[in-house]
Amino acid sequence: PIFLIDGFPRNFDNLSGWVENVSPSATSVLGALVYDCPIDILEKRIMGRAATSGRSDDNITSARRRFVTFGKETVPVVKALEVVEELSG
């Protein structure tokens, strides 16, 4: 079977847990989907969702905090996975 795992790994701790707990014979990473979207578009979409979501974190302050976290924690993981792909390709 093939699985799509949304939003994972978000940081190196997630990636380490995956490597330590999932047998390479049981699964392999076939690729990653990474979307590059301008921040202003992301903010507009989140604020549009906020109108009906009822989520307390659908606000500009929380969104901008998530963008910073993404840049600090997730982008380095994406870059590391790109290097692994280059080395194994």
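All chains use their own residue numbering, which begins from 1 and follows the written sequence. With the structure being a predicted model, the display of local features is reserved for residues of pLDDT at least 70 and the display and counting of side-chain atom pairs for 80 or more, all residues being used for whole-chain, interface and lining totals. In computing side-chain properties, one takes all heavy atoms of the structure into account and sets aside hydrogens as well as water.

## So, the overall build of the chain
What counts, and what does not: Labels follow the DSSP assignment, with helices taken as runs of H or I lasting at least four residues and strands as runs of E lasting at least two, numbered in each case from the N terminus. Whether a residue is buried, partly exposed or exposed follows from its accessible area with a 1.4 Å probe, protein chains only, as a fraction of its type maximum: under 20%, in between, or over 50%, in that order. For this analysis, residues touch if any pair of their heavy atoms sits within 4.5 Å. All accessible areas in this document rest on Shrake-Rupley with a 1.4 Å probe, and a residue is counted as covered only by the protein chains that are shown. Counting rule applied: Lys, Arg positive; Asp, Glu negative; His and chain ends not counted. Here the site of a charge means atom NZ of a Lys, CZ of an Arg, CG of an Asp or CD of a Glu.
Each helix and strand counted, the chain has three helices and zero strands in total. Its C-alpha atoms give the chain principal-axis dimensions of about 45 × 25 × 20 Å. Taking all 89 residues of the chain together, 12% fall into the buried category. Across the chain, the fraction of contacts at a sequence separation of at least 24, relative to all contacts at a separation of at least 6, is 42%. When the accessible area of the chain is evaluated, it comes to approximately 7400 Å², of which 58% is carbon and sulfur surface. Each charge class in the chain was averaged separately, 10 positive and 12 negative side chains, and the resulting centres sit 9 Å apart.

## Some details on the pattern of salt bridges
Quick reminder of the rule: Salt bridge criterion: a side-chain nitrogen from Lys or Arg within 4 Å of a carboxyl oxygen from Asp or Glu.
With the rule as written, the count across this model stands at five salt bridges. When the shortest N-O distance is used, the salt bridge between Arg 55 and Asp 57 registers 2.9 Å. Arg 55 sits in the partly exposed class, given a relative accessible area of 41%. Several salt bridges converge on common partners, so that one network encompasses Arg 49, Arg 55, Asp 57, Asp 58 and Arg 66.

## A short note on the environment of Gly 7
Tracing the backbone through its elements, the reader meets Gly 7 in the segment before helix H1 (12–21). Judged by its relative accessible area of 33%, Gly 7 is partly exposed. With 26 residues separating them along the chain, Gly 7 and Leu 33 place their C-alpha atoms 9.6 Å apart.

## A closer look at helix H3 (residues 60–88)
Note the following rule: What a helix should span is 1.5 Å times the count of its residues minus one. Bend angle per residue: angle between axes fitted to the 7 residues ending at that residue and the 7 residues starting there. Polar contact criterion, stated in full: a pair of N or O atoms within 3.5 Å, where within protein one must be able to donate a hydrogen and the other to accept it, and residues adjacent in sequence count only if both atoms are side-chain atoms.
With 29 residues, H3 should cover 42 Å at 1.5 Å per step; its first-to-last C-alpha distance of 40 Å lies within 8% of that length. Along H3, the largest kink reaches about 40° and is centred on Phe 70. Considered for burial, the residues of H3 that qualify are Ser 62, Ala 63, Phe 67, Thr 74, Val 77 and Val 78. Tucked inside the fold, the buried residues of H3 contact H1 and helix H2 (39–53). Between a side-chain oxygen at the N-terminus of H3 and the backbone nitrogen of Thr 61 the separation is 3.2 Å; the capping residue is Asn 59.

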